[in-house]
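Each chain, letter by letter, is given below.
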Amino acid sequence: MTRVITYGTYDLFHQGHYNLLKRAKELGDYLIVGVTTDNFDLERGKMNTCNNVMERIEAVRATGLADQIVIEEYKGQKIDDILKYNVNIFAIGSDWEGYFDYLKEFCEVVYLPRTQGISSTLLREERPTVNLGIIGTGSIARRFVSESENVTNVKVVVSYNPNQDENKKFCQDFGLIKVADSLDDLFDSCDSVYIASPFNTHYGYCKHALLLGKHVLCETPFVLRKQEADELYQLAEEKQKILMVALKTAYCPAFCHLFSLLKSGIIGEIVEINTSSSTIQEENASKQHGGSMVEHACFTMLPVIKLFGVNYRNINFYSKTYNGIDLFTKAVFRYDHAVASFQVGTGVKTEGNLVISGTKGYVYVPAPWWRTDYFEVRYEDQNKNKKFFYPFVGEGLRYEIKDFVSSVISNPKGTSKLTKNEIMCMVNVQEQYLKKENLFEL
Ligand code: C2G
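Described below are features of the structure shown in this document. (Residues numbered from 1 in each chain as written. Predicted model: local features only at pLDDT ≥ 70, side-chain atom pairs only at ≥ 80, totals over all residues. Heavy atoms only, no water.)

**Concerning the sheet that holds strand 11 (residues 243-245)**
Pairing is parallel in the open sheet, where 6 strands are placed in the order 8-7-6-9-10-11. The sheet terminates laterally at strand 8 (178-179) and strand 11, the two strands that pair on one side only. Pairing between strand 10 (residues 215-218) and strand 11: 3 bridges, direction parallel. When the sheet's bridge partners are listed, V216 is paired in strand 11 with L243. (Pairing = 2+ DSSP bridges. Helix = DSSP H or I, 4+ residues; strand = E, 2+ residues; numbered from the N terminus.)

**Examining the nonpolar core**
When a protein is soluble and globular, its nonpolar side chains tend to lie buried together. Core analysis: the biggest nonpolar cluster contains 105 residues, and F222, F333 and I356 have the highest contact counts within it. Here the element with the most residues in this core is helix 13 (residues 292-308); it accounts for 10 residues. Judged by nonpolar contacts, the second largest core, of 16 residues, contains V4, L21, V35 and V53. (Core = buried A, V, L, I, M, F, W, Y, C linked by side-chain atoms within 4.5 Å. Buried < 20%, exposed > 50% of the residue type's maximum accessible area, 1.4 Å probe, protein only.)

**Details of the packing of helix 6 (residues 139-148) against helix 7 (residues 164-174)**
At a closest axis distance of 11 Å, the pairing of helix 6 and helix 7 adopts a crossing angle of 25°. Between helix 6 and helix 7, the angle is such that the two are roughly parallel. Crossing angle aside, the handedness with which helix 6 passes helix 7 is right-handed. Of the residues in helix 7, those touching helix 6 at A141, R142, V145 and S146 are K169, F170, D173 and F174. Tallied by class, the residues present in the contact of helix 6 with helix 7 amount to 4 nonpolar, 1 polar and 3 charged. (Axes fitted to C-alpha atoms, helices over the stretch in contact; angles between N-to-C directions. Parallel < 35°, antiparallel > 145°, perpendicular 65-115°, else oblique. Left-handed = near helix turned anticlockwise from the far one by under 90°. Contact = heavy atoms within 4.5 Å. Nonpolar A, V, L, I, M, F, W, Y, C, P; charged D, E, K, R; others polar.)

**Concerning the pairing of strand 19 (residues 386-389)**
Every regular strand shows the same layout, with side chains that alternate between the two sheet faces. As paired elements, strand 18 (residues 374-379) and strand 19 share 4 bridges and run antiparallel to each other. Bridge pairing in strand 19 places Y374 opposite F389. What sits between the antiparallel neighbours strand 18 and strand 19 is a turn of 6 residues.

The structure is reproduced here in structure tokens:
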């Protein structure tokens, strides 16, 4: 039996992919198709795939041509696969002519003719462009515009800031088509908004945008009251619009992969999570920002809620406050079979790492863990320790922008990396804190 293997991303599956698979199948009796994971594509510079790995696998399966589908996760895997599956022929499109000759040591290498006039890139370009408006023109908005330039099918076209001088400067600096002199002016010029204004304006802007039928990407902290979050999600549902929270870590390759590894049981049952985040701020600045819970808690809650879920039994908060602002807060969550804690500070410095402990080992993510490209899995037997590296390109905002744009264009009901329930849980924690439930002053 002749075994053939071929690989690809198969984004927006098209006739060119089909022809290639058909030709590959005709070379032998058994066809194995390797589909790249989302992370591997990011690693090899493919930022703009529109379909996720499950959708891409499904598209390959639907052709009925593949006898077996494997996922391609790392550089060098092709050799491992060829040996593991006793492959006789490696086949790939002629756009790769010569590139895979090194595999000739392991099997026959065949470059098949590529179908002219069609490609995923062309199909992506044919997709609509999301015209984005930005509300709030501070430092995060500046980073956002630069990062958005690395994502296809999105264009920042307009910005709004009640301070018109700042607004004009922002538009000029980034060459935006339009300077909005009012909110209505902004909404008239865009179909989606990124809300990067001070946290206490989020609710109002989100509501306004959704009522006008705009998709919304809102900076953290989203809102601090459950009733507000409920209302906004309900509105998004009614209007059939995307409402997404820009918690960048949730969309980053390293964090997403860490999450899947942990769910697969790599350190056994998880019993404890501890994490920190802090930035020392000047007194006036912290007043404006609202304190360490408001500033940092959504990041530190992320691994806890992602891994342990939304059904915690209770939380105790321990805060050091000054002039009504928490300079430091430690929160301890009790779950039925686990415990989690985090420290956040705007007037106290902490080590910003993340440690997740399980019955077989633990994960260590060094500071600053929320923008990590690296983590370690450690065991009693140190020989089994493993280090994992992932891309974290630029400011790391391009990953959330990419997800937002994909959702707006093609996946309005699709699964988000952060679910509504998880966001509601985060808002609930903030509200409990605001209400001083189980709060102990230090
Ligand atoms: N292809 C083709 N004709 C097209 C477009 C693509 O024959 N018009 C072929 C490619 O040559 C490749 C396969 O379809 O063999 C999958 O293409 P992509 O999804 O673009 O994947 P690619 O980036 O080429 O990844 O490790 C991954 C592989 O190296 C190939």
